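Spelled out, the chains give:
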Amino acid sequence: MDDNPHKAHRPAKAKTKQTGFNEKAFAPKSGRRADRQGRRNVERDQTRLHVPLVNRTPEDHPPPVIVAVVGPPGVGKTTLVKSLVKRYTKQTLTELKGPITVVSGKRRRLTFMECNNDLSSMIDMGKIADLVLLMVDGSFGFEMEQFEFLNILQSHGFPKVIGVLTHLDLIKKQETLRNTKKTLKKRFWTEIYQGAKLFYLSGILNGRYPDTEIQNLSRFISVIKFRPLVFRNTHPYLLADRFEDLTPREELRQSKGKCDRTVTVYGYLRGTNLRHGMKVHIPGVGDLVVNGVTVLSDPCPLPDADSEKKRKLSERKKLLVHAPMSDVGGVTFDKDAVWVNVSGSFTRTMATDIKGVGERMVMDLQDVDGTLEDAVAASQIKLLGTSEGNILTNDPQGVALGEDREGNSNSDDQGNDWDTNSSSDEDDEGRSSFDESDHNDDEAFEFPGSYGRSTARRSQRSVGDLVSTDQLPQGVEYADSDSDLGDDTGRSGGGTFGGIDDDEGFLNHGKFQMDDDEMEPEDFPQWKNHIAENAALIRPRVARKDWMQMIYQSSLTPSHVVHGELQRHPEESSHTDELFTIRQDGEVDGDDEDDRASASLPKSDLRKWASGEVLDSIRHLFITGSGLAHGDSHGLDEVGDGFEDLEEHAAVPETNPGADSEASIAIQAAKKKELKRKFDEQYDEPETCKPDFYDQKKHEISQQLELNRMEFEGVDDVSRALVVGHTPGSYVRIELANVPCEMVDNFDPTYPVVVGGLLPAEERLGFVQVRIKRHRWFSKTLKTNDPLVLSIGWRRFQTIPIYSLDDHSIRMRMLKYTPEHMHCYATFYGPVALPNTGFCAFNSMSSEVAGFRVSATGVVLDVDRSTKIVKKLKLTGVPYKVFKNTAFVKDMFNSALEVTKFEGANIRTVSGIRGQVKKALSKPDGAFRATFEDKVLMSDIVFLRAWYTIQPRKFYNPVTSLLLSDKSNWTGMRLTGQVRREDGLKTPLRANSTYKRVERPGRRFNTLKIPRKLQATLPFASKPKLMKSQKRQTYTLRRAVVMEPEEKKAVVLLQQMQALRKDQVARRRAKQEERRAVHRTKMEKEEEKKGEKKKEERKEYMRVAGVKSKRESEREEGGARKRRKT
Amino acid sequence: MAQPAPTVLTFSGHNYLRQRLVLSILSGKPVRIDKIRSNDKNPGLRDFEVSLLRLLEKVTNGTVIEISYTGTSILVKPGVIYGGNLTHDCPLSRSVGYYLETIIMLAPFSKKPMTLTLRGITSDDKDLSVDLIRTVTLPHLQLFGISDGLELRIKKRGARPLGGGEVQFLCPVIKLVKTLNFVDPGKIKRIRGISHAVRVSPQFSNRMIESCRSVLNRFVPDIYLYSDVYKGEDSGKSPGYALSLVAESTTSALHCAEAISEPGVSPEDIALVATRSLLAEISNGGCVDRKHQSLVLLMMVLGSEDVGRCRLGEPTPRTVQFLRDVRDFFGTSFKIVPADPDNPESTELLFSCYGTGFVNINKSVA
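Because the structure is a prediction, the values reported are computed rather than measured.

1. Describing the sheet that holds strand S16 (residues 307-312) of chain B
And step 1. Taken in spatial order, the four strands of this open sheet run S11-S16-S18-S17 (chain B), and their pairing is mixed. Only two strands of the sheet have a single neighbouring strand rather than two, namely strand S11 (181-182) and strand S17 (335-338) of chain B.
And step 2. Each of S11, S16, S17 and strand S18 (349-354) of chain B is contacted by helix H27 (residues 693-711) of chain A, which is oriented at about 70° to S16(B), the strand it contacts most.

2. A look at the nonpolar core
And step 1. B:Leu26, B:Phe169 and B:Phe334 are the most contacted members of the largest nonpolar core, which has 95 residues in total.
And step 2. The element that contributes the greatest number of residues to this core is helix H3 (residues 96-106) of chain B, accounting for eight residues.
And step 3. Not counting chain neighbours up to four residues away, the residues in contact with B:Phe334 comprise A:Met548, A:Tyr552, B:Leu297, B:Met300, B:Val301, B:Leu323, B:Phe351, B:Ser352 and B:Cys353.
And step 4. Counting residues in hydrophobic clusters, the runner-up holds 44 residues, among them A:Ile66, A:Ile123, A:Phe147 and A:Ile192.

3. So, the UniProt feature "domain: RNA 3'-terminal phosphate cyclase" (unreviewed entry) in chain B
And step 1. Using the residue numbers shown here, the UniProt feature "domain: RNA 3'-terminal phosphate cyclase" (unreviewed entry) corresponds to residues 10-336 of chain B.
And step 2. Regarding residues 10-336 of chain B, the helix share stands at 31% and the strand share at 28%, and the terminal C-alpha atoms are separated by 26 Å.

4. Points about helix H4 (residues 144-155) of chain A
All names here are of chain A.
And step 1. Its twelve residues place the ends of H4 17 Å apart at the C-alpha level, agreeing with the 16 Å of an ideal helix rising 1.5 Å per residue.
And step 2. Counting buried positions along H4 gives ten out of twelve residues, so the element sits mostly inside the fold.
And step 3. Three or more residues of H4 are buried, namely Glu145, Gln146, Phe147, Glu148, Phe149, Leu150, Asn151, Ile152, Leu153 and Ser155.
And step 4. Looking at the residues trailing H4, positive phi occurs at Gly157, about 95°.

5. Regarding the domain arrangement of chain B
And step 1. The assigned domain composition of chain B is domain 1 (1-81), domain 2 (84-174), domain 3 (188-282) and domain 4 (289-354).
And step 2. Averaged C-alpha coordinates put domain 1 of chain B and domain 3 of chain B at centres separated by 37 Å.

6. Details of a negative patch on the surface
And step 1. A surface patch of negative charge is lined by A:Glu1084, A:Glu1086, A:Glu1087, A:Glu1088, A:Glu1092, A:Glu1096 and A:Glu1097.
And step 2. Note on placement: A:Glu1097 falls in helix H34 (residues 1045-1117).

7. Overview of the UniProt feature "domain: Bms1-type G" (unreviewed entry) in chain A
And step 1. Taking the UniProt record as the reference, the feature "domain: Bms1-type G" (unreviewed entry) is found at residues 63-227 of chain A.
And step 2. A helix fraction of 40% and a strand fraction of 21% characterise residues 63-227 of chain A, whose end C-alpha atoms lie 15 Å from each other.

Parameters at a glance
Residues numbered from 1 in each chain as written. Chains lettered and ligands numbered in written order. Predicted model: local features only at pLDDT ≥ 70, side-chain atom pairs only at ≥ 80, totals over all residues. Heavy atoms only, no water. Pairing = 2+ DSSP bridges. Helix = DSSP H or I, 4+ residues; strand = E, 2+ residues; numbered from the N terminus. Contact = heavy atoms within 4.5 Å. Axes fitted to C-alpha atoms, helices over the stretch in contact; angles between N-to-C directions. Core = buried A, V, L, I, M, F, W, Y, C linked by side-chain atoms within 4.5 Å. Buried < 20%, exposed > 50% of the residue type's maximum accessible area, 1.4 Å probe, protein only. UniProt positions renumbered as here; feature names shortened; annotations may be inferred. Expected span 1.5 Å × (residues − 1). Domains from an automatic or database assignment. Patch = residues over 30% accessible without salt bridge, like charges linked within 9 Å, V, L, I, M, F, W, Y side chains within 5 Å. Areas by Shrake-Rupley, 256 points an atom, 1.4 Å probe, with all protein chains shown as cover. Salt bridge = Lys/Arg side-chain N within 4 Å of Asp/Glu carboxyl O. Lys, Arg positive; Asp, Glu negative; His and termini not counted. Charge placed at Lys NZ, Arg CZ, Asp CG, Glu CD.

Set out below in structure tokens:
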């Protein structure tokens, strides 16, 4: 046919990739609209911005995120935690107690903590939780506790909240299910924010929630981002996941367990750095002194490159869970002990079925009857091959090793753990063989009880070891100073920051250059023989002072530190036996030399400045001088001067080539880079280089954080801990002294133990002024001087507030009751909190209260040592003699002295006549002369309005709920009425307080008499109208009436018409009544129908209430029992 | 369980009294100082020290000061710093600088902005003169974000021995102290000075300026020396003259020196003493001169929980003791390393510390 080819296909148009919406479609049509749209976009961008906050949590190694699982009992909290733990670790936990830490990803760990329904626990968890999983029973709806919890969160900084709806399988009908979800979501959104995430969990499979749903939830948890909260970003804190009692058993025995305990708590540090000497507060226990802090190895470390390499496919190995309170994982390592958990209750009879080697070893250790000393004495250990005798223990403290732990614990108490730790590092490096042997013999295992020990044994490190470490001077050890050189051989030069010059000196002196690390502990260091001489040889070479060592660790006087004299030994003079000694002019008794700022230099020092050479020597410090002398040190600041500097510095390497060319090249490179940056800043895109305020702040913050990191980068952990404290993210053991024994006795791992660090200011007590508002849902008003439980900062305490309002900015006026729907001030005595800290208040912490328990919320405004609240005081008196404008008033004061205090004060009568107190009268005591603007009546009451200052009662009662065995029922100070009711006492009735009928004699007022002369001049309106009523009947009333016939007719007709009208009305009424009767019957019927409907509604309501009460009773019966399906 | 009782820090000796009181009030820790001149012929507190305690009592609210019967020991339980309008008459044994140096450390952390009027001697050789406080000390506070409304007004000058001067110190209230990062001393770019003379010939002041310029002219061209002559009422009760000098670097590091008239010494010699002291101060190096080391270090300690750094010359004995006291009160120790380790001659040191995160708790909200 036709061989001309078909028309070639048109090449397919490359599909334009549509990204986002079609811009043309949304282009504004008018200029005004474009303008408006632009504005809106800009505004919307601004709302996204938040105040830049510093995040003090290190980003590279953050502490685990605390995930609090909150909800009423029976809602499925335990099941959720179990499901999540299973999801992350592939392990099924049998019992959940306390925090459970798992690794959830490369950079994130999670600590799950189930929060029970107790108010105190909710408060504590609300203060520390990073993420809250708020569990709601879908078949029941929200409960009071959840709203209380949300309100607690609001006042303490809102963490992220994810809602979880459970028990949705109980709702059978799809329609109802959908509606329930919708209503609950709506309610949840109003509480949190529009669009808050709510998860639905349907049903339970194998005792867990469905895996897919849990996976979705865990994905959400893993991507969630946290904004730093102000309070947590200024305080260090820790959620204790382990708790041990370290009190010596002997003390316990002697005091029958009532002595104050020494306990250790373990956990990940969060918030800011935990500084040296910081006090801590454990909510529910009180303020405690930290004996020491030790960083332990991370029990649940984040995966790093190393661990990833080691990872095997065996699942158990790979997934870690750290939950010491829940008895997961067999072995835990402490600072000075190793704990082995043996499942089940431990009895000696179990010896037959010992399974592993470890358990056998533990069992063997139970049988040890001799002390370590005996063992060593019996042993044939020689320290070295060349040693003559065996090792002997002559340490006096070692004797007591077997039966009591006094020695150890005492040394623990005295010494500072900061130090013990520092030395233990050293020990690891270069422990002498003596220590080593001790140590090995001594590594013992033991059994922790549920939290403490029931057995009295405890592993003992060698006592000598500990003592030696405790005697190290307290303070920072930055440098291997020359004085350290002699005795501290095992230290390597690393990890110091002051010792650069020392090291230099060391190296220059080639004789002593040797590697410490290579040395075996066994071979005796030969060079030690001449250490003193060698040190003396080195000393002059070390020119520079080690300021840190001299300032912080030596006892030299300040002037000696500066001028470099040697310390005088005061012993030299004090050892003389003479009765009188010549007083030496020590620094204590000098004159005022040292307390002057401008210590003038000695004349001789100044005289040298007369010579021109000396003057020229400092020329480089001025801008006119050349920069060469100290070019390196001031290199960077000169960059700003321009390009010539670059050339100048480029010239420098030529002058001294080779020597340290690499270093100088690096410096040059840095300088060039800096210059380039500056150049770019000036010429390239000036707009991008000028960041807006927000970016600038963010940049500043990140720069400062970088500086913080860099400054102590090369420093070893121990010294850094001394200067900057322990960084968040590290797993620490905090030893606390003088803990009330009840805390240990009544310890319950299901209640969170939060250790919160206190700022120095927060340790003090004072008057705190807060802005407070009664909660809308709290049913009663709050009354001044009624005790109130507050939760501020870490603390929960009961105190007595006085409410007040600002009265025209003149005075703070006391209020008897809090106003409705309005903020007012409250002032109370208690521990100081930083202004702007939020708080919430409760009238009762008890779980028996039916209604909403959060009684008020507010914020701290002011902290002071005194208050200025006044209440009104009215003094009344009566005039006993009245002159024209003057009156003598009595019964207001008791003495003339009181009157003089009030001279010139404003007074007023009830009728509103104002006056002034003039002077006391001599005759009746307390009477005074007063003048008024008008004549007062004898019957008037005169009163004086005064303001009386009141102070809040100094009452502060911490809520010590953790010390109780029944933790949810703490009761503080009760109201008088409450006490009377509980004790069955009658309220005393004062006679004056009863209400009686007031009998007031009628008062007779004289008529107003106006003189006739005055009356005459008055205008008519003001004239008294004094017309008397007629006494006699008037003529019109008296006369008889006789009617005419036409008139009679008319009257009769009128009467007839009226009679007709009356009849008509009566008939109409009867008709209406009939109609009404019909209507009534109809209404009655309707009413009946309504009543039935209402009855049904009530029935339904009671059914729901019954379900709830049944659940509660179930919970009381056996906590963790599962819900039955209805 | 009750609050553990606050620990009382104990010191002995009358030296460093001021810094210990300041640290006590700022940290809130009670302090006991005993053996105050216990071995002296005239034991106990001097009048100016008692006056200082009185002033602190005025400045604060709720401070309890117990002085023993002999005056050799005191116990101070600090309250809150209050501020407000205050007036204090200083005894003639020390100049107002003695009191101002103390108050300057406290005033930014008070509840209300402070307006303090001090009467007495305005400059002597023991303490900083009001000129230096105005031109050097207050700019140092600006490094830490304390600037708006910070002022020292010299109403009247009063020389020794009779005084009669009056100064007014105004200080704003701040919430947080900025973190300092001042490691670049820069180079001296200008020198300013005030030479004042009261109840003497105004020529004295000009003679001082001339003599001072003769030395300083070789270093920088930018020298301005103001002659400040007070007359009549404002000139106090005694004659006297002094020269105070301030050198400012490119990075606005300040070094200062001063000299006060002495009987029998010519104004030229006084000026030379001041000038040479200034040169000595400059040669000492650092970003902060020696008289203000402790002020700067204190503010660094009170900074936010970040690393603050400052380059200083060699510390004075006062600074050394101050560092020790800071550790006792705040638990903060400084990291002190040579500023440039490559240069063996340099005595400059780099002080860095981790701020305590001090927040002015006294300042009320709204």
